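Summary of structural features
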Amino acid sequence: MSLPPYSQMHSDLPFRFPYMLCRLLGFFGLVLLMAHGRLSTASAEDAPPADTKGELVLFDFGDANDKQIRDAAIARFNQRYPNVKVTDQFTPITSWPDYIDKLVTQVASGKAPDLIHIATEGALLTISKTLVIPLDEFINADTGKELSTEIDPALLKGFTVDSKLYLLPEAWNNMMIYYNTKVFKEAGVSRPADDWTWDDFLALAKRLTSGEGPTKRFGFGIPYFNFGLTPFWYSNGTSVLKDNLKESNLSDPKFLEAVKFIHGLIQENGVSPDPANTDPNAVFQLFASGKIAMTGGGHWPMQFFKANQFSDYDVVPWPKKAVQRTVFGAAGYGISSRTKQKALAWELIKELASIESERRAAGLGVAIPARRAVAESPEFLAQPEHAALFYKSLSYAAPVQAPANYGEVERILMRHLGQVMADEVKPEDALKAADQELTSAMKQQEAEAQ
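It should be emphasised that the depicted structure is a prediction, and the values quoted were computed from it without experimental measurement.

The rules behind the values
- Residues numbered from 1 in each chain as written.
- Predicted model: local features only at pLDDT ≥ 70, side-chain atom pairs only at ≥ 80, totals over all residues.
- Heavy atoms only, no water.
- Helix = DSSP H or I, 4+ residues; strand = E, 2+ residues; numbered from the N terminus.
- Buried < 20%, exposed > 50% of the residue type's maximum accessible area, 1.4 Å probe, protein only.
- Areas by Shrake-Rupley, 256 points an atom, 1.4 Å probe, with all protein chains shown as cover.
- Expected span 1.5 Å × (residues − 1).
- Contact = heavy atoms within 4.5 Å.
- Core = buried A, V, L, I, M, F, W, Y, C linked by side-chain atoms within 4.5 Å.
- Domains from an automatic or database assignment.
- Pairing = 2+ DSSP bridges.
- Salt bridge = Lys/Arg side-chain N within 4 Å of Asp/Glu carboxyl O.
- Axes fitted to C-alpha atoms, helices over the stretch in contact; angles between N-to-C directions.
- Phe/Tyr/Trp six-rings, centres within 6.5 Å; stacked < 30°, edge-to-face > 60°.
- pLDDT = per-residue confidence, 0-100.

Let's talk about the overall build of the protein chain
Scanning the protein chain for helices and strands turns up 18 helices and 14 strands. Out of the 450 residues belonging to the protein chain, those deemed buried represent 60%. On the protein chain, roughly 17700 Å² of surface is accessible, and the fraction owed to carbon and sulfur atoms is 49%.

Concerning helix α18 (residues 427-449)
An ideal rise of 1.5 Å per residue puts 33 Å on 23 residues; α18 measures up with 32 Å between its terminal C-alpha atoms. Within the span of α18, buried status applies to Pro 427, Ala 430, Leu 431, Ala 434, Asp 435, Leu 438, Ala 441, Met 442 and Gln 445. At its buried positions, α18 is contacted by α9 (253-267) and α17 (406-421).

Digging into the nonpolar core
One finds Trp 233 and Met 294 to be the most contacted residues of the largest nonpolar core, which totals 136 residues. By residue number, the principal contributor to this core is α17, which donates eight residues. Both of domain 1 (6-173 + 329-399) and domain 2 (176-327 + 402-449) provide at least three residues apiece to this core.

Observations concerning the pairing of strand β11 (residues 313-316)
Neither face of β11 is exposed, since Tyr 313 and Val 315 on one face and Asp 314 and Val 316 on the opposite face are all buried. Both strand β9 (residues 176-180) and β11 contribute to a ladder of four bridges, which runs antiparallel. Bridge pairing in β11 links Tyr 179 to Asp 314.

Observations concerning the pattern of salt bridges
Inspection of the entire model under this criterion finds 15 salt bridges. We note a salt bridge from Asp 194 to Arg 191, for which the minimum N-O separation is 3.0 Å. Its relative accessible area of 34% is what places Asp 194 among the partly exposed residues. According to the relative accessible area criterion, Arg 191 is partly exposed, its value standing at 27%. When the shortest N-O distance is used, the salt bridge between Lys 260 and Glu 428 registers 2.8 Å. Of the two residues, Lys 260 is situated in helix α9 and Glu 428 in helix α18; the sequence distance between them amounts to 168 residues. The partly exposed category is assigned to Lys 260, whose relative accessible area is 37%. A network of salt bridges, in which partner residues are shared, links Arg 76, Arg 80, Glu 347, Lys 350 and Glu 351.

Considerations on the sheet that holds β9
Strand order across the open sheet formed by three strands is β10-β9-β11, with antiparallel pairing between neighbours. The sheet terminates laterally at β10 (294-297) and β11, the two strands that pair on one side only. Direction aside, the axes of adjacent strands within the sheet are offset by 35° on average. The sheet contact formed by β9 and β10 spans four bridges and is antiparallel. Its bridge partner being in β10, Tyr 178 is matched across the sheet by Thr 295.

Focus: the environment of Phe 305
Note that Phe 305 resides in helix α11 (residues 302-307). Each C-alpha atom of the pair Phe 305 and Gly 365 lies 8.8 Å from the other, and the pair is 60 residues apart in sequence. Each residue touching Phe 305, except ones within four places of it in the same chain, is listed here: Tyr 178, Phe 284, Phe 287, Ala 288, Phe 310 and Tyr 313.

Section: the packing of aromatic side chains
Applying the stated rule across the entire model yields 27 aromatic pairs. Members of the aromatic cluster, joined through ring pairs, are Trp 196, Trp 198, Phe 201, Phe 220, Phe 232, Phe 261 and Trp 318.

Things to note about the confidence of the model for the protein chain
Taken as a whole, the protein chain shows an average pLDDT of 86; of its residues, 87% reach a score of 70 or greater. Low pLDDT, under 50, characterises residues 1-45; the predicted model gives this stretch 274 contacts beyond four residues in sequence or across chains.

Following this line, the structure appears as structure tokens:
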């Protein structure tokens, strides 16, 4: 995220932010202190000396705005460590499975990086394969300090296994409903209530749909990617996998109900265009052009809007069916288990996840900052009007399901959903086939894990 996103979390990463079933971090002794805007550990003498020589390789992802943020952080690091060469292996990816596969392949080839930037979608795999080390020895260096309240516990929990924190959250993303304020005003429609329902949503989408052919304006544009569709499952009290992340849940009648609802937006009600376009960000371009009145997205679409000087938008929570719930995913930095420069790598993480980096991200309109203070800053709250709802969504959001074989799970789901959306296969038949395939995949994953 950010997600797109780490959901993600950004323009080329519609699958960020944001996720795993992990136990709550044993927080006692954990400290995330700010020192000159940086994450601080014990004292200056614990860090490598300023004249240290070396090289660090960062395995990284994002888009042009993310690269700008990373470059600035590395420049600050080099002010402190001028003799350390930092190579940012930056990958402008379009899907988490591709990014995760590239990381695993690179490590297997013997060219492991020193630092790894990963989102929830790849966190469990990264941890289970021992690609990163626990960060507790660095974070706990300031003994006797109390836990900082800067990062929401939900974000820390997602990167914690067996009470050990493996990745330091720096950003995250969720899914909200964006609506075109200009279109709403012209149609005489008020902002939906924060506790609106699927029925309210569909009625409004119908009201906002008008015209025919090329000039038709749709009431809603489906965010057609795994992370983007997840709020429909969650708000109906269901999910792709069971809570243990080991078994398919696609036979759940509530999942079928959600798929039929999405399918109906296109085929029955005609309030959404066919999401066949493989570019997950195309829907945001349609939204900014006024061709759709509402769509779903995290914080990352705002960078598109800023670049195109589009400001006629606001956000509202995802509509509920059985419960009000959305999805979130985070991105964080970890230290590679293969590095020989652990202390130096930690110093770089402190810059990458610093308050300066998060403030810059807030101003550019990419992911949601991990630090609550930055999410409450004027830079972040400047737009849209209800920007504060992004961070507040953590109170009712659930992490995107991300087992170690996340890439395979996503491919199976989206392939079968694609047949449904194209009206090639009935939802019942598609989910039956998907359930069988996913069940087999999860059994194989469990066998490999043992």
